[in-house]
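Single-letter residue listing:
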Amino acid sequence: MELPWIVGVDGSDGSIQAIDWAVDEAVRHGLPLRLVHASLWERYEGALPSLGRERPSERVLADHIVASAEERVRRLSPDLKVTGEAVAAEAVSALLSEGDNASALVTGSRGRGELKGALLGSVSLAVAARAYCPVVVVRGDKAGLAGTHGRILLGAGEPGTSGEAARFAFREAEARGCELDVVRAWRLPLNEGADSPAPADAPVYEHEAQASGLVEELVVELMADHPAVRVRRATVEGPARKVLVNRSAAADLVVVGARRRTGHFGLQLGRVSHTLLHHADCPVAVVPQRT
């Protein structure tokens, strides 16, 4: 069964960017596209006076948003299979539910009604932090959104957290025919009680070698499964969130893993993912690893 790429739409500029990006993705992977707009219009239907057979204005707006989004997709890619639906639900709950039958969820960085100047909308953040399928938040500069760099960036996290992210990144690089840049950031431990950031006694090369080993372990089998993908490995001393944000300026997509603990409620998003979602110069894919 071909699970679609699902896009949350609300008529905002961020939503339009997400649609355009997702159209290209769906075509690359040969998958259908599903457009979902969530609105709680039913909450207001009983409270408003009846106007005969006319539908409540909120429902009319919801249907118009979906129809406009479908029309945009058909203009961009007439042969792409696309469906759309306005659902009576809160946005985060609706998208998380849709994610149970999705190859990936796609959102814009900010939606309608978000605070002006906010770096990331609350819906996008909540979906990226709670979904059990990959979530792509479409953000970044013109080059990153257009995909002109020819490079996917994969942040290699701690052991057991990045396997699904690596598989996602390899598939993406293969579909795009581009290079995959796998980066592991590492830090020098500090001497306990030191007033200045003097490194501990362990040689630097040991920490770098450990980081290199983690990268190799992450990619070796996937490289055999995807021989056409050009892989560049790098280990960099520094905070992972800063290293990846800096490197996102030369990437078309940055991919990171995220833990999803079964039965754990609330946001499940680490500092690295949180920083990228707010500051990356290209779209960000958060790929969950169930633990």
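What you are looking at is a predicted structure, and each value in this text was computed from that prediction instead of being measured. (Residues numbered from 1 in each chain as written. Predicted model: local features only at pLDDT ≥ 70, side-chain atom pairs only at ≥ 80, totals over all residues. Heavy atoms only, no water.)

Caption draft 1: Representation of the sheet that holds strand S10 (residues 284–290). Across the sheet, which stays open at both edges, the 10 strands sit in the order S3-S2-S1-S4-S5-S10-S9-S6-S7-S8 with mixed pairing between neighbours. In the strand order of this sheet, the two ends are held by strand S3 (82–88) and strand S8 (231–237), each with one partner. Sheet twist, expressed as the mean angle between neighbouring strand axes with direction ignored, is 25°. Helix-sheet contacts for helix H3 (residues 57–76) involve strand S2 (33–39) and S3, and the interaxial angle to S3 is about 165°. Along the sheet face, helix H5 (residues 122–130) touches strand S4 (104–108), strand S5 (135–138), strand S9 (253–260) and S10 and points at about 155° away from the line of S5. (Pairing = 2+ DSSP bridges. Helix = DSSP H or I, 4+ residues; strand = E, 2+ residues; numbered from the N terminus. Axes fitted to C-alpha atoms, helices over the stretch in contact; angles between N-to-C directions. Contact = heavy atoms within 4.5 Å.)

Caption draft 2: Region of interest: the pairing of S10. By the criterion of burial, S10 is predominantly enclosed, with 6 of the 7 residues buried. Relative to S10, S5 runs antiparallel, the two sharing 3 bridges. Its bridge partner lying in S10, Val135 is registered against Val286. Note that S9 and S10 share 7 bridges and pair parallel. The residue bridging Val255 from the neighbouring strand is Ala285, located in S10. (Buried < 20%, exposed > 50% of the residue type's maximum accessible area, 1.4 Å probe, protein only.)

Caption draft 3: A look at the nonpolar core. If you look at the biggest cluster of nonpolar residues, it comprises 43 residues, and the most contacted ones within it are Leu33 and Val255. Discounting residues that sit within four places of it in the chain, Val255 has contacts with Ile152, Leu153, Leu154, Gly155, Ala165, Phe168, Ala169, Ala285 and Val287. Membership of the second largest hydrophobic core comes to 35 residues, among which are Ile6, Leu95, Leu125 and Cys282. (Core = buried A, V, L, I, M, F, W, Y, C linked by side-chain atoms within 4.5 Å.)

Caption draft 4: Representation of the packing of aromatic side chains in the model. Following the criterion strictly, the structure yields 2 aromatic pairs and no others. Centroid distance Trp5 to Phe168: 6.5 Å. Interplanar angle 55°. Geometry classified as tilted. Residue Trp5 is found in strand S1 (residues 5–8), and its partner Phe168 is found in helix H7 (residues 163–176); the two are separated by 163 residues along the sequence. The exposure class assigned to Trp5 is buried, which follows from its relative accessible area of 3%. (Phe/Tyr/Trp six-rings, centres within 6.5 Å; stacked < 30°, edge-to-face > 60°.)

Caption draft 5: The pattern of salt bridges, seen in detail. Using the criterion set out here, one finds 16 salt bridges in the structure. Between Glu179 and Arg151 there is a salt bridge, with its nearest N and O atoms 3.1 Å apart. Note that Glu179 is positioned in strand S7 (residues 179–186) and Arg151 in strand S6 (residues 151–155), a separation of 28 residues in sequence. A salt bridge links Arg233 to Glu216; its shortest N-O distance comes to 3.0 Å. Residue Arg233 is located in strand S8, and its partner Glu216 is located in helix H8 (residues 204–225); the two are separated by 17 residues in the primary sequence. Residue class for Arg233 comes out partly exposed when judged on its relative accessible area of 38%. A relative accessible area of 34% places Glu216 in the partly exposed class. One salt-bridge network, in which partners are shared between bridges, spans Glu25, Arg28, Glu172 and Arg176. (Salt bridge = Lys/Arg side-chain N within 4 Å of Asp/Glu carboxyl O.)

Caption draft 6: Structural view of the environment of Arg59. Along the chain, the position of Arg59 falls in helix H3. Judged by its relative accessible area of 27%, Arg59 is partly exposed. Sequence separation between Arg59 and Val87 is 28 residues; the distance between their C-alpha atoms is 9.6 Å.

Caption draft 7: Looking closely at the packing of helix H1 (residues 13–29) against H7. One way to put it is that H1 packs onto H7 with a least axis distance of 9 Å and a crossing angle of 85°. Relative to H7, the element H1 lies roughly perpendicular. Residues Trp21, Glu25, Arg28 and His29 of H1 form the contact with H7, whose own contacting residues are Arg171, Glu172, Ala175 and Arg176. Taken together, the residues of the contact of H1 with H7 break down into 2 nonpolar, 1 polar and 5 charged. (Parallel < 35°, antiparallel > 145°, perpendicular 65-115°, else oblique. Nonpolar A, V, L, I, M, F, W, Y, C, P; charged D, E, K, R; others polar.)

Caption draft 8: Spotlight on the side chain of His226. The topology assignment puts His226 in the loop between H8 and S8. Judged by relative accessible area, His226 falls into the buried class, the value being 12%. With sequence-adjacent residues up to four places away left out, His226 is seen in contact with Phe170, Arg171 and Glu174.

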